Amino acid sequence: SWLEVAADTRDAGSESWGRLLRVVDPDGVVHEWAMPMALLAGDGVAMREHLLGLGLRLAPGSHARSDLQEYVTLWRPKAKARCVDRVGWHDAIFVLPDRAYGDTGGEDVLLQVAGAPPVYTTGGDLAAWQETVGQLAAGNSRLVLVIAAALAGATLHLMDEESGGIHLAGFSSSGKTTALHVAGSVWGVRVQSWRATDNAGELMARGACDTLLCLDELGQADARTLDGFAYMLANGSGKARMRRDATARPPALWRLLF
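None of these values were measured; they are calculated from a predicted model.

Q: Got a sec to walk through the packing of helix 4 (residues 141-152) against helix 6 (residues 176-187)? Specific residues and values, please.
A: Between helix 4 and helix 6, whose axes approach to 9 Å, the crossing angle comes to 30°. One finds that helix 4 runs roughly parallel with respect to helix 6. The way helix 4 lies across helix 6 gives a crossing that is right-handed. For the pair helix 4 and helix 6, contact is made by L143, V146, I147, A150 and L151 and by A179, V182, A183, V186 and W187, respectively.

Here it is as structure tokens:
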């Protein structure tokens, strides 16, 4: 497969270095992935797994794996880009997985994560959404509420407000899940489940920072961990953890409405 090391990436403090990799899959579709260089600290299996998922065709055997790791490690691209580890506001720039909005100073700003980035999809245009969703929600207080919450997520940073959530309660088939899909349509995000581990919850929160996290099926979650999960989302911070060398790892941070 065609695999290009397109740019070196690093954060605003000149740390968290990585590589912008560009892959052409068997259908001729070009995929880009901002890969943290930390994935090369071991045998590179995490890097290969993600590249294979993007459609990379790699010859079998240890020689091909070694050549791939050597190429990604040693190639010196001319371009550089700034990387961030979560979506949302970074100073005056708003970053989504596929683009950054605002004045980037002429430098590309990329979301850099170890695995698959969060998904924000688009379909149609604003006029179509207004006709097929927005106008039909008028007069329904629950749908107006969740649409307002979806729009308000991006303003938390601007107003220096904290995270928070809205709980939709009611009988089965009363429209709770429909309301979540309506809210998710504002950002093009899917409805996810409350049933998640701490690590998965942190990933979901970072992937929804300054936007909206839609969670459904409360009854499927473990009652012993549910309250902790909700408080974690509202507090805007993940668990404190240690690295292998016993130094502190910075906790995951976010700001969102859920």
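Picking up where we left off.
Q: Could you give an account of the sheet that holds strand 2 (residues 18-24), naming the residues involved and the relevant values?
A: Strand order in the open sheet formed by five strands is 3-2-1-4-8, and the pairing between neighbours is mixed. Either end of the sheet is taken by a strand with one partner, and the two such strands are strand 3 (30-36) and strand 8 (109-111). Adjacent strand axes in the sheet meet at a mean angle of 40° when their direction is disregarded. Pairing of strand 1 (residues 3-10) with strand 4 (residues 79-84), which is carried by four bridges, proceeds in the parallel orientation.

Q: Can you tell me about the pairing of strand 6 (residues 93-96), naming the residues and giving the values?
A: Every second residue of strand 6 is oriented toward a common face, with I93 and V95 on one face and F94 and L96 on the other, all of them buried. With three bridges joining them, strand 5 (residues 88-90) and strand 6 adopt antiparallel strand pairing. Paired with H90 across the two strands is I93, which belongs to strand 6. In this structure, the hairpin formed by strand 5 and strand 6 is closed by a connection of two residues, where D91 is found at a positive phi of approximately 60°. Bridge analysis of strand 6 against strand 7 (residues 99-101) gives three bridges, and the strand direction is antiparallel. Residue pairing in the sheet places F94 in a bridge with Y101 of strand 7.

Basis of the calculations
- Residues numbered from 1 in each chain as written.
- Predicted model: local features only at pLDDT ≥ 70, side-chain atom pairs only at ≥ 80, totals over all residues.
- Heavy atoms only, no water.
- Axes fitted to C-alpha atoms, helices over the stretch in contact; angles between N-to-C directions.
- Helix = DSSP H or I, 4+ residues; strand = E, 2+ residues; numbered from the N terminus.
- Parallel < 35°, antiparallel > 145°, perpendicular 65-115°, else oblique.
- Left-handed = near helix turned anticlockwise from the far one by under 90°.
- Contact = heavy atoms within 4.5 Å.
- Pairing = 2+ DSSP bridges.
- Buried < 20%, exposed > 50% of the residue type's maximum accessible area, 1.4 Å probe, protein only.

Function-wise, these values are silent; they only describe arrangement.
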